[in-house]
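Topology and contacts: notes
So you can see what is in the structure, the chains are spelled out below.
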Amino acid sequence: MNLRHKLLVTLALTAFLSVAAVAWIISSLVRHSFEETNQQRASALIEQFRRDFARQGEDVVHRVETIASGEAATRLALALSHGSPDYGAYLNEVKTIAESQQLDFLEFVDGQGTILSSAQWPAKFGYKDAQSTRSVPREAFLKREELPDGAALGVFAIREVRVGDKPLYVIGGRRLDRNFLARLEPPPGMRTMLYQNLENGFSPKLLINSSGAVGTADPVVSLIQQVQRQSREVTALIHWSPNAADDETVDAIPLTGLDHELLGVLLVADSRRPYAEIRRQIRTAALLGGAVGMVLAVLLSGWAAARVTRPVEQLAQAARQVAAGDWHTQVTITSADELGELAGSFNRMTSELLQQKEQLVQSERVAAWRELARRLAHELKNPLFPLQLTVENLLRARQQSPEQFEEIFKESSATLLAEIANLKTIISRFSEFSRMPQPQLQRVQVNDVVDGVMRLFQAQLSTPERAPIECKLELAEVMPTIAADPELLHRALSNLVLNAMDAMAQGGTLTLRTRRAGEWAVLEVADTGTGLTPEECERLFTPYYTSKAHGTGLGLAIVQSVISDHGGRVSVRSESGRGTTFVIELPINTDKLQAGQVAAATS
């Protein structure tokens, strides 16, 4: 990934993360604010229910007190104090009184708890009502009432009528049902439900709202059961459907009677649709902002690329050109900022490098000529001194003993010819190095070249004049055909074998190996001689450098020249006292061979 792509990714991620962070913060604040508002609204609705409940209770108390002070209750109480009156006359009258006072329940009960008359269930005449024998509460209360079609929940009040020594109790009330819930006026987005706890366990038909029975009661079952077990207020988030907009926060409030038994559960539900809508809008705005941020990031990265990455890319390209050897590379300065200063510094650096390179080339050239002159002077001085002595001996012999001159002349002539041949050999070596030919590529089997070199030197490895040298061939069974000049390759390998033999004056083992390494053919020439120091390994391939007493220092320079002309590499591994290994790596380069054949055919 280049700098431009990294900049694009960084800017895009920054824009995306910034928008996501802002959206998360806003969403958290909205959720917190909504929950606080929801709690306030729920508390307000619960308080309203309590006020309405108290108002309904006060109305029931007032109507029961009105009945208790009325003529019918007084006549019944008076008749009750004079003995056993005929209660049949009150069976229908109590129903009329209940309807006139808009009560759903009304009963007259004597002091022993016997029901004298019942508006909601006339057949209860003569039954016992234990509630009337207790102390009469001043306020309204919840009570379970048995009816012909089942039990019902209502708000009741009790008042005592006493004429004489026998009391009469008037018990009246209204149903706590959907009509009661309809009288409540919850704020928008809120609603109430009532569970009438008239059976053991949970019964869906007992859960009602202002419209009647609730269609789906399963989501609130666990909430109601928790209130049934704990008899305390519980709040929970209810999921009515997979759509989050249908969720509600429900407060479940227990409703108890005089004996603190649980008679009902009031459910106050606050819709989370506004919050879901706001959250959806926030998410939409965040996605839109993220998309806009991504587009801006792309545009900004494009602008930044022109201002930042393009000069950097130009500098990188220029650096690659310099590394490839183009020391004249310069970068155009397009700004006066830090990038402009960097470009100026790069241009100054390349100029200084070019100057230093020219100075180095000149210094190396002078040093090379000096080394060549020193080597030539050294090599030529050795045979010139015997030549001088031989000529001086001839002159002295001619002057002092002419009779011996003929014998001395023959000996001196042989010496002169030998030293002149030595001079010619030295001169031919230097001349040969200066005229190194370019390789003529053809198909070559590396193993065949190694075999040819070993056959050439086989006789010299076991001559009586020197310690024996054992030769080992470790040739790979399958070696690729490479494009090379067999004569130059033979020459380079011969020089390495000669060096190895010179390094093993006391005998040893010479090993030649071949192997393939990918697209390269590898040759190794290893000896068990005296080895080389690290300093000698560094200077080993320098022309005219030698560690031998009578060497020219051109053998390994010729090897490096031949291998370099083939596009290969030569290196050395050595440890003083443990031998030396020369490694030649040659590319297969069969494509160059084919290209050369095509070029020759075209010519």
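The name recorded for the protein in an unreviewed UniProt entry is histidine kinase, from Candidatus Sulfotelmatobacter kueseliae. Looking at the Catalytic activity (unreviewed entry) heading of the UniProt record, one finds this comment for the protein: "ATP + protein L-histidine = ADP + protein N-phospho-L-histidine." Here the protein is described in UniProt, under the heading Subcellular location (unreviewed entry), as follows: "Membrane".

Attention now goes to the nonpolar core. Counting residues in each nonpolar core, the largest one holds 40 residues, and the members touching the most others are Ile 482, Leu 493 and Leu 510. Contributing elements (two or more residues each) for this core: helix 9 (446-457), strand 14 (481-484), helix 10 (486-503), strand 15 (508-517), strand 16 (520-527), helix 12 (555-565), strand 17 (569-575) and strand 18 (579-587). Examining the composition of this core, we find that 8 residues originate from one element, helix 10, more than from any other. In this view, Ile 482 contacts Gln 442, Arg 443, Val 444, Val 446, Ala 521, Leu 586, Pro 587 and Ile 588; residues no more than four positions away in its chain are not counted. Counting residues in hydrophobic clusters, the runner-up holds 38 residues, among them Leu 184, Met 193, Leu 255 and Leu 263.

So, about the confidence of the model for the protein. Low pLDDT means the predicted coordinates in that region are not meant to be read closely. Counting all residues, the mean pLDDT for the protein is 79, and 81% of those residues have values of 70 or more. Between the elements of the protein, mean pLDDT differs from a low of 59, seen in helix 13 (residues 590-602), to a high of 92, seen in strand 16.

This part takes up the side chain of Ser 118. Turning to its location among the elements, Ser 118 is positioned in strand 2 (residues 115-118). There is a polar contact of 3.1 Å between the side chain of Ser 118 and the side chain of Glu 107. In this structure the side chain of Ser 118 is engaged in a polar contact, spanning 3.2 Å, whose partner is the backbone oxygen of Trp 121. Those residues in contact with Ser 118 that lie beyond four places of it in its chain are Val 94, Leu 106, Glu 107 and Lys 124.

Right, let's get into the sheet that holds strand 3 (residues 141-147). Taken in spatial order, the 5 strands make up an open sheet running 2-1-5-4-3, and their pairing is antiparallel. Among the strands making up the open sheet, the edge pair consists of strand 2 and strand 3. Averaged over all pairs of adjacent strands, the angle between strand axes in this sheet comes to 35°, irrespective of strand direction. Of the strand pairs in this sheet, strand 4 (residues 150-163) and strand 5 (residues 166-175) are connected by 10 bridges, and their pairing is antiparallel. Residue pairing in the sheet places Arg 162 in a bridge with Pro 167 of strand 5.

Inspection of every chain in the model, using the stated rule, returns 19 salt bridges. Salt-bridge contacts for Glu 199 lead to Lys 205; the nearest nitrogen and oxygen are separated by 3.8 Å. With relative accessibility at 58%, the residue Lys 205 sits in the exposed group. When salt bridges that share partners are traced, they join Glu 107, Lys 124, Lys 143 and Glu 145 into one network.

Glancing now at the sheet that holds strand 15. Strands sit in the order 13-15-16-18-17 across an open sheet of 5 strands; the sheet is mixed. Edge strands, defined here as strands with exactly one partner in the open sheet, are strand 13 (469-474) and strand 17. Across the sheet, the mean angle from the axis of one strand to that of its neighbour is 15°, orientation sign disregarded. Together, strand 13, strand 15 and strand 16 form the strand contacts of helix 9, whose direction differs from that of strand 15 by roughly 165°. Packing of helix 10 onto the sheet brings it into contact with strand 13, strand 15, strand 16 and strand 18, and relative to strand 16 it is tilted by some 25°.

Turning our eyes to something else, we now look at helix 9. In this model, helix 9 (12 residues) spans 17 Å end to end at C-alpha, consistent with the 16 Å of a helix rising 1.5 Å per residue. Among the residues of helix 9, those classed as buried are Val 446, Asn 447, Val 449, Val 450, Gly 452, Val 453, Met 454 and Phe 457.

Inspection of every chain in the model, using the stated rule, returns 2 aromatic pairs. Centre to centre, the rings of Phe 105 and Phe 156 are 5.0 Å apart; their planes meet at 25°, and the pair counts as stacked. Highlighted residues: Phe 105 in strand 1 (residues 105-110) and Phe 156 in strand 4, separated in sequence by 51 residues. A relative accessible area of 1% means that Phe 105 is categorised as buried. Relative accessible area serves as the criterion here: at 1%, Phe 156 is assigned to the buried category. Ring geometry for Tyr 195 versus Phe 202: centroids 5.1 Å apart, planes at 15°, classification stacked. For the pair formed by Tyr 195 and Phe 202, the shared burial category is buried. Positioned above the aromatic ring of Phe 156, the side-chain terminus of Lys 143 is 4.8 Å from the ring centre.

At Ser 231, a residue that is not glycine, the phi angle is positive and equals roughly 55°. Counting through the fold element by element, Ser 231 comes out in the loop between helix 5 (218-230) and strand 9 (234-238). At His 260, a residue that is not glycine, the phi angle is positive and equals roughly 65°. Take His 260: its relative accessible area is 67%, and that puts it in the exposed class.

Take a nonpolar patch on the surface next. Together, Val 9, Leu 13, Phe 16, Leu 17 and Met 294 make up a nonpolar patch on the protein surface, roughly 460 Å² of accessible area in all. Examining the composition of the nonpolar patch, we find that 4 residues originate from one element, helix 1 (residues 3-68), more than from any other. The topology assignment puts Met 294 in helix 6 (residues 273-323).

The interhelical angle for the contact between helix 9 and helix 10, taken along N-to-C directions, is 45°, at an axis separation of 10 Å. Relative to helix 10, the element helix 9 lies oblique. For the element pair helix 9 and helix 10, the recorded crossing hand is right-handed. Residues Val 449, Val 450, Gly 452, Val 453, Leu 456 and Phe 457 of helix 9 form the contact with helix 10, whose own contacting residues are Leu 489, His 490, Leu 493, Ser 494, Val 497, Leu 498 and Met 501. Tallied by class, residues from the contact of helix 9 with helix 10 come to 10 nonpolar, 3 polar and no charged.

Quick notes on the rules
- Within each chain, residues carry numbers counting from 1 in the order of the written sequence.
- Only residues with pLDDT of at least 70 are given local features in this predicted model, and only at 80 or more are side-chain atom pairs given and counted; all residues enter the totals for whole chains, interfaces and linings.
- Side-chain metrics in this entry use all non-hydrogen atoms of the structure; hydrogen atoms and water are not considered.
- UniProt positions are given in the numbering used here, feature names are shortened, and annotations may be inferred rather than shown by experiment.
- Working definition of a nonpolar core: buried Ala, Val, Leu, Ile, Met, Phe, Trp, Tyr and Cys residues. They are joined through side-chain atoms within 4.5 Å.
- Note on exposure labels: buried denotes an accessible area under 20% of the residue type's maximum, exposed denotes more than 50%, and partly exposed covers the range between, all computed with a 1.4 Å probe on protein chains only.
- Working definition: helices are DSSP H or I runs of at least four residues, strands are E runs of at least two. Numbering for both runs from the N terminus.
- Pairs of residues are marked as contacts when any of their non-hydrogen atoms sit within 4.5 Å.
- A score between 0 and 100, pLDDT records how confident the predictor is in each residue.
- Throughout this description, a polar contact denotes any pair of N or O atoms lying within 3.5 Å of each other; where both atoms belong to protein, one of them has to be capable of donating a hydrogen while the other can accept it, and for residues adjacent in sequence the pair is counted only when both atoms sit in side chains.
- Pairing between two strands requires that DSSP report at least two bridges joining them.
- Every angle, taken between N-to-C directions, lies between 0 and 180 degrees, and every axis is a line fitted to C-alpha atoms, over only the stretch in contact when it is a helix.
- The working definition used for a salt bridge is a side-chain nitrogen of Lys or Arg within 4 Å of a carboxyl oxygen of Asp or Glu.
- In this scheme, a helix's expected span is set at 1.5 Å multiplied by one less than its residue total.
- Ring geometry is summarised as follows: Phe, Tyr and Trp rings, the Trp one being its six-membered ring, pair when their centres sit within 6.5 Å, and such pairs are stacked at plane angles under 30 degrees, edge-to-face over 60 and tilted between the two.
- Two conditions define a charge sitting above a ring: the NZ of Lys or the CZ of Arg must be within 6 Å of the ring centre, and it must be within 35 degrees of the ring normal.
- The patch calculation keeps residues exceeding 30% relative accessible area without a salt bridge and links them within 9 Å when they carry like charges or within 5 Å when they are nonpolar (Val, Leu, Ile, Met, Phe, Trp, Tyr).
- For accessible areas, the Shrake-Rupley method is used with a probe of radius 1.4 Å. Any residue's cover is judged against the shown protein chains and nothing else.
- Roughly parallel means an angle under 35 degrees; roughly antiparallel, over 145; roughly perpendicular, 65 to 115; everything else is oblique.
- Handedness of a crossing is defined here by the sense of rotation of the near helix relative to the far one, left-handed for an anticlockwise turn of less than a right angle and right-handed for a clockwise turn.
- Just so you know the grouping, Ala, Val, Leu, Ile, Met, Phe, Trp, Tyr, Cys and Pro go in nonpolar, Asp, Glu, Lys and Arg go in charged, and all remaining residues, Gly too, go in polar.

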